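Structural overview
The chain contents come next:
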Amino acid sequence: MRARKMSGKQKAAILLVSLRPEISSLVFKHLKEEEIEDLTLEIASLKRVQPDQRDSVLEEFHELVVAREYLEHGGIEYARELLEKALGAAKADDIINRLTASLQVRPFDFARKTDPGQLLNFIQNEHPQTIALILAYLHPEQAGLILSSLSPELQVNVARRLAKLDRTTPEVLQEIENTLEQRLSAFVVDDYTIAGGIEAAVDILNMVDRSTEKTIIDSLEQEEPELAEEIRKRMFVFEDIIILDDRSIQKVLREVDSKDLALALKTASEEVSSRIFKNMSKRAAEMLREDIEFMGPARLRDIEETQQKIVATIRRLEDTGEIIIARGGEDEVIV
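One structure accompanies this document, and this report is about it.

What counts, and where the lines are drawn
- Residues numbered from 1 in each chain as written.
- Predicted model: local features only at pLDDT ≥ 70, side-chain atom pairs only at ≥ 80, totals over all residues.
- Heavy atoms only, no water.
- Helix = DSSP H or I, 4+ residues; strand = E, 2+ residues; numbered from the N terminus.
- Phe/Tyr/Trp six-rings, centres within 6.5 Å; stacked < 30°, edge-to-face > 60°.
- Lys NZ or Arg CZ within 6 Å of the ring centre and 35° of its normal.
- Salt bridge = Lys/Arg side-chain N within 4 Å of Asp/Glu carboxyl O.
- Core = buried A, V, L, I, M, F, W, Y, C linked by side-chain atoms within 4.5 Å.
- Buried < 20%, exposed > 50% of the residue type's maximum accessible area, 1.4 Å probe, protein only.

1. Topic: the environment of E213
Mapped onto the elements of the fold, E213 is located in helix α13 (residues 210–223). Expressed as a C-alpha distance, the spacing of E213 and Q155, which sit 58 residues apart in the sequence, is 9.0 Å.

2. Describing the packing of aromatic side chains
Tallied over the entire structure, the rule returns 0 aromatic pairs. We note R289 situated over the ring of F277; from NZ or CZ to the ring centre the distance is 4.0 Å.

3. Looking at the pattern of salt bridges
For side chains bearing opposite charge, pairing can occur when the charged atoms are close. Taken as a whole, this structure holds 12 salt bridges when the rule is applied. Salt-bridge contacts for E322 lead to K251; the nearest nitrogen and oxygen are separated by 3.0 Å. Placement of the pair is E322 in the segment after α19 (300–319) and K251 in helix α15 (residues 246–255), with a sequence separation of 71 residues. Ionic contacts of the salt-bridge type, sharing partners, join the residues R160, K164, E223 and E224 into one network.

4. Considering the nonpolar core
Core analysis: the largest hydrophobic core is formed by 35 residues, its most contacted members being L135, L147, V158 and I231. Of all the secondary structure elements, the ones that give two or more residues to this core are α7 (116–123), α8 (128–136), α9 (140–149), α10 (152–164), α12 (198–205), α13 and α14 (225–235). L253, V272, F277 and I314 belong to the second largest nonpolar core, which has 24 residues in total.

Structure below.
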């Protein structure tokens, strides 16, 4: 049986049994639990894999891998051109169709491979809604750099529109890509593509400098206070305490009531708890552990409100310059 006549599960099972166990186990780590169960059953049902079946599956897999590499490096037309030269037009179309059916490539893929400074030149004079849409599809680090480089008024306008983005039609996406005079590199397979929203705005704002963030949030607080508050609450969560340096954590602990801290740590991760205890005296850490241990049941809402209260303290200390929250990625230098 040729690979084309097999089901996707059959081909996946044959591929995995053809690989070394240590490689197959790495593949399983990237699958969902139900996918692992389905594949395990499929593998168990394999009685004997014929050499021609195995070769056919491996050949198809190799073709798709090569095509995907072409696609990632040069876009869909580049991949098609190279495949046509190597395999002929019919085979190239078959591979591209199967690949794009299984890969929902995001719009503006080319933009994610472009230097932010160069991209800024393309979009800074566009309508704020257009800029917001493009930023929604970029990596947060890229989008943060671009947002920081816009004028303060435009920053606020774009951030507001970014937070309110919901669904955009494929026609609009295609029109914007064409406006940027870039090769179309995505096949939108759904009627609508979801991008933007508050989470996207938060991810991007977390990557901009503090001055840009403050300008945007302060302006939004006057114009749309509920939106500003929702963004502010999500920008630094309690678990992010682990990104603070020890000195900053110690400063925060001096500002927080011990009862609030005990309640906040009731659902905290081991990593967060360890960082907190590490920055306390041995006696204070022992007392805090006892408070947590003997604390009765607490409503999750109360715990989250207390954690948010501590986050508000952290934000206040940052605003006054008493602590610094590292932002902008690993390359940021603090002196």
